[in-house]
Amino acid sequence: MTGVAQAGGVVRIVLPSVRRTPTWLLAVLVGTLTLVLAGAGWRLLAKRSVPAPKTRELVDAIAALDVRYAGREGETPVDEWSSYLTERARIKAQLEASLAAGGRSR
């Protein structure tokens, strides 16, 4: 509509209303996003907090060897001591490789 406004008159502009999204839909979307992000964070933290079984087994194997042999070089036969050092070095290399791979079992 066009026209001339008179001095002191009121000009009213009416715009068509915009269709609003229901509030409940926004709440559902935000809630769903929150649950998805919380679940992803929980999975990520759960993976990092528990060492992989292979890593645990390797640490246990080194610990068992050390309990048996550490500090007993003088009372252990030379060939047995050499076997201990070789086995410990082998297990330690496997442990380092496992940790470098992120602690995941292979």
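Refer to the structure above for everything that follows.
### A short note on the overall build of the protein chain
At step 1: Summing up its helical and strand segments, the protein chain has three helices and zero strands in all.
At step 2: Sequence-ordered secondary structure for the protein chain, helices as α and strands as β, is α-α-α.
At step 3: Counting the 106 residues in the protein chain, one finds 12% classified as buried.
At step 4: The long-range share in the protein chain, meaning contacts at least 24 apart out of those at least 6 apart in sequence, stands at 55%.
At step 5: When the accessible area of the protein chain is evaluated, it comes to approximately 9,300 Å², of which 62% is carbon and sulfur surface.

### Observations regarding the side chain of T76
At step 1: Position of T76 relative to the elements: it lies in the loop between α2 (53-69) and α3 (78-100).
At step 2: T76 gets classed as buried once you look at its relative accessible area, which sits at 12%.
At step 3: A distance of 2.6 Å separates the side chain of T76 from the backbone oxygen of R72, its partner in a polar contact.
At step 4: Here T76 is in contact with Y69 and W81, once residues within four sequence places are set aside.

### What to know about the nonpolar core
At step 1: Membership of the largest hydrophobic core is limited to eight residues, which are L58, I62, L65, Y69, W81, Y84, I91 and L95.
At step 2: Elements with a minimum of two residues in this core: α2 and α3.
At step 3: With residues up to four places along the chain from it excluded, the contact list for I62 reads R88, I91, K92 and L95.

### Description of the packing of aromatic side chains
At step 1: Under the criterion given, the structure shown has three aromatic pairs.
At step 2: Relative to Y84, the ring of W81 has its centre 4.9 Å away and its plane inclined at 55°; by these criteria the two rings are tilted. Placement of both W81 and Y84 in helix α3 is noted, with a separation of three residues, approximately one turn of the helix.
At step 3: Looking at Y84, the relative accessible area reads 7%, which means it is buried.
At step 4: One aromatic cluster in this structure is built from Y69, W81 and Y84.

### Quick notes on the pattern of salt bridges
At step 1: For the structure shown, the criterion picks out four salt bridges.
At step 2: Here R72 ties to E75 by a salt bridge, and the two come within 3.7 Å at their closest N and O atoms.
At step 3: According to the relative accessible area criterion, E75 is exposed, its value standing at 60%.

### Some thoughts on the environment of R72
At step 1: Of note, R72 is situated in the loop between α2 and α3.
At step 2: Since its relative accessible area comes to 34%, R72 is described here as partly exposed.
At step 3: In terms of polar contacts, R72 uses its side chain to reach the backbone carbonyl oxygen of R68, at 2.9 Å.

Cut-offs and rules
- Residues numbered from 1 in each chain as written.
- Predicted model: local features only at pLDDT ≥ 70, side-chain atom pairs only at ≥ 80, totals over all residues.
- Heavy atoms only, no water.
- Helix = DSSP H or I, 4+ residues; strand = E, 2+ residues; numbered from the N terminus.
- Buried < 20%, exposed > 50% of the residue type's maximum accessible area, 1.4 Å probe, protein only.
- Contact = heavy atoms within 4.5 Å.
- Areas by Shrake-Rupley, 256 points an atom, 1.4 Å probe, with all protein chains shown as cover.
- Polar contact = N/O pair within 3.5 Å; in protein donor to acceptor, adjacent residues only side chain to side chain.
- Core = buried A, V, L, I, M, F, W, Y, C linked by side-chain atoms within 4.5 Å.
- Phe/Tyr/Trp six-rings, centres within 6.5 Å; stacked < 30°, edge-to-face > 60°.
- Salt bridge = Lys/Arg side-chain N within 4 Å of Asp/Glu carboxyl O.

Geometric descriptors of this kind do not, in isolation, establish any biological role.
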